[in-house]
Amino acid sequence: MGPRSFLRNGQYFPRPVVRTPSTRICPDCLRQDARISGLPHQIGMAFRSDWQVPFLRACPRHNRALVEVWTDSDRTRRHDFATRIGLVMPQIMTGD
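Figured I'd write up the structure that's included with this text.

Here is what the cut-offs are and how they apply
Sequence order as written defines the numbering, with residues in each chain counted from 1. Two thresholds apply to this predicted model, a pLDDT of at least 70 for residue-level local features and 80 or more for giving and counting side-chain atom pairs, whereas whole-chain, interface and lining totals are computed over all residues. With hydrogens and water excluded, all non-hydrogen atoms of the structure serve as input to the side-chain values. Here is the rule: rings of Phe, Tyr and Trp (six-membered ring for Trp) pair when centre to centre is within 6.5 Å. Planes less than 30 degrees apart are stacked, more than 60 are edge-to-face, and the remainder are tilted. For the exposure calls, accessible area comes from a 1.4 Å probe over protein chains only, and a residue counts as buried if that area is under 20% of its type's maximum, exposed if over 50%, partly exposed in between. Here a helix means four or more residues in a row that DSSP labels H or I, a strand means two or more in a row labelled E, and each is numbered from the N terminus. By definition here, a salt bridge exists when the distance from a side-chain nitrogen of Lys or Arg to a carboxyl oxygen of Asp or Glu is within 4 Å. Contacts were defined at the residue level, with two residues in contact if any of their heavy atoms lie within 4.5 Å. Polar contact is defined as a pair of N or O atoms within 3.5 Å, subject to the rule that within protein one atom must be able to donate a hydrogen and the other to accept it, and that residues adjacent in sequence are counted only when both atoms are side-chain atoms.

Moving on, we come to the packing of aromatic side chains. Under the counting rule described, the total for this entry stands at three aromatic pairs. Taking 5.9 Å as the distance between ring centres and 90° as the angle between the ring planes, the aromatic pair formed by F47 and W51 counts as edge-to-face. Overall, W51 belongs to the buried group, its relative accessible area being 3%. With centroids separated by 5.3 Å and ring planes inclined at 55°, the aromatic side chains of F47 and F81 adopt a geometry described as tilted. A residue pair is termed long-range when its members are at least 10 positions apart, and F47 in the loop between α3 (41–44) and β4 (67–71) and F81 in helix α5 (residues 81–94) qualify at 34 residues. Of the aromatic side chains, those joined through ring pairs into one cluster are F47, W51, W70 and F81.

Spelled out as structure tokens, the structure:
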């Protein structure tokens, strides 16, 4: 479509739709990443941009609700996934 849109799962979304100050995750996806990567957990966990589509409320792989883990209007801090996920990693790994 153009520079003002994002392609997610074969669908184009206007940039404002996927730009949100909130970050959501699927704990099951991240736990699975951590266990199979062979890396330290917070490095092995991979962010999926699909989680940020506002009307997507559940993980299509695990059929569970996405969890909002932080809100930050500063894009630099918000997108520092490895640092920020480290703050909630123990809860993700234990399922809390």
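Next up on the list: unusual backbone geometry. Phi at N63 is positive, roughly 55°, even though this residue is not glycine. By the secondary structure assignment, N63 is in the loop between α3 and β4. By relative accessible area, N63 is classed as exposed at 67%.

For the rest of this paragraph, the subject is the pattern of salt bridges. In a structure, side chains of opposite charge can pair up when their charged atoms sit close to one another. On inspection of all chains with the given rule, the structure shows three salt bridges. Among the salt bridges present, the one from R31 reaches D28, with a minimum N-O distance of 2.4 Å. One end of the pair is R31 and the other is D28, both in helix α2 (residues 27–37) and three residues apart, which spans about a single turn. Taking relative accessible area as the criterion, D28 reaches 22% and is therefore assigned partly exposed. Put simply, D33 and R48 hold a salt bridge, and the shortest N to O gap is 2.5 Å. Taken as a pair, D33 in helix α2 and R48 in the loop between α3 and β4 lie far apart in primary sequence, 15 residues in all. A relative accessible area of 12% places D33 in the buried class. By sharing partners, the salt bridges in this structure join D28, R31 and R64 into a single network.

Glancing now at the environment of Q42. Here Q42 is to be found in helix α3. Counting along the chain gives 44 residues from Q42 to G86, while the straight-line C-alpha distance between them is 5.5 Å. Each residue touching Q42, except ones within four places of it in the same chain, is listed here: A82, T83, I85, G86 and M89. Among the polar contacts listed, one links the side chain of Q42 to the backbone oxygen of A82, at a separation of 2.8 Å.

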